[in-house]
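Notes for the structure review
Next come the chains, spelled out residue by residue.
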Amino acid sequence: MAGADPLRVLEFTGGEGSLRHRDGRLEMLEGDPLASLAALVASAPGGCVAVGYLGYDLGLALERLRARSARDHRFPDLWFGLYDRPGGL
C-alpha cells in the first residue's frame, strides 16, 4: 500500500505532539498519544485509512518509566498519516 498527501499527520515525541493538516494548519498536542490517535481515527471521513507506526520509546510515555539511555535517534515515538486516497503497489 502506498499513500501521498495525507489529510492529517499525527506525531508524538517525548510527550509532546502535533497534528498537521493538509491545508498547513498545525495544532500542538499534549497528553496521551494513543488517545490522540483514537481521536484522529474517529474524526476520519469515510474511506480514509491511518498508516504509521508506534515506536519503542512510546513505552516511556505510556508507562511513565524513567529513560535508561539517551535518545540516540530523531524518529518520533508515534507517527500516523491519515490518507483519503490510498493506493496499492
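Quick look at the structure, then. (Residues numbered from 1 in each chain as written. Predicted model: local features only at pLDDT ≥ 70, side-chain atom pairs only at ≥ 80, totals over all residues. Heavy atoms only, no water.)

Overview of the overall build of the chain
What the chain contains, in helices and strands, is 2 helices and 5 strands. Order of helices (α) and strands (β) in the chain, N terminus to C terminus: β-β-β-α-β-α-β. Considering the chain as a whole, with its 89 residues, one finds that 28% of them fall into the buried category. Long-range contacts, defined here as pairs at least 24 residues apart, represent 62% of the contacts in the chain between residues at least 6 apart. Here the chain has roughly 6,100 Å² of accessible surface; of this, 55% comes from carbon and sulfur atoms. (Helix = DSSP H or I, 4+ residues; strand = E, 2+ residues; numbered from the N terminus. Buried < 20%, exposed > 50% of the residue type's maximum accessible area, 1.4 Å probe, protein only. Contact = heavy atoms within 4.5 Å. Areas by Shrake-Rupley, 256 points an atom, 1.4 Å probe, with all protein chains shown as cover.)

Quick look at unusual backbone geometry
The residue Asp5 is not glycine, and still its phi comes out positive at about 55°. Relative accessible area serves as the criterion here: at 41%, Asp5 is assigned to the partly exposed category.

Re the sheet that holds strand β3 (residues 26-30)
Ordered in space as β3-β2-β1-β5-β4, the 5 strands form an open sheet in which the pairing is antiparallel. At either margin of the open sheet sits one strand with a lone partner, and together these are β3 and β4 (49-54). Averaged over all neighbouring strand pairs, the angle between strand axes comes to 15°, with direction disregarded. Both strand β1 (residues 8-13) and strand β2 (residues 16-21) contribute to a ladder of 6 bridges, which runs antiparallel. Its bridge partner being in β2, Thr13 is matched across the sheet by Glu16. (Pairing = 2+ DSSP bridges. Axes fitted to C-alpha atoms, helices over the stretch in contact; angles between N-to-C directions.)

Comments concerning the pattern of salt bridges
Taken as a whole, this structure holds 3 salt bridges when the rule is applied. The shortest N-O distance in the salt bridge between Arg22 and Asp5 comes to 3.4 Å. With a gap of 17 residues between them, Arg22 in the loop between β2 and β3 and Asp5 in the segment before β1 connect regions that are remote in the sequence. Of the charged contacts, one joins Arg22 and Asp84 as a salt bridge, the two residues approaching to 2.8 Å between their closest N and O atoms. (Salt bridge = Lys/Arg side-chain N within 4 Å of Asp/Glu carboxyl O.)

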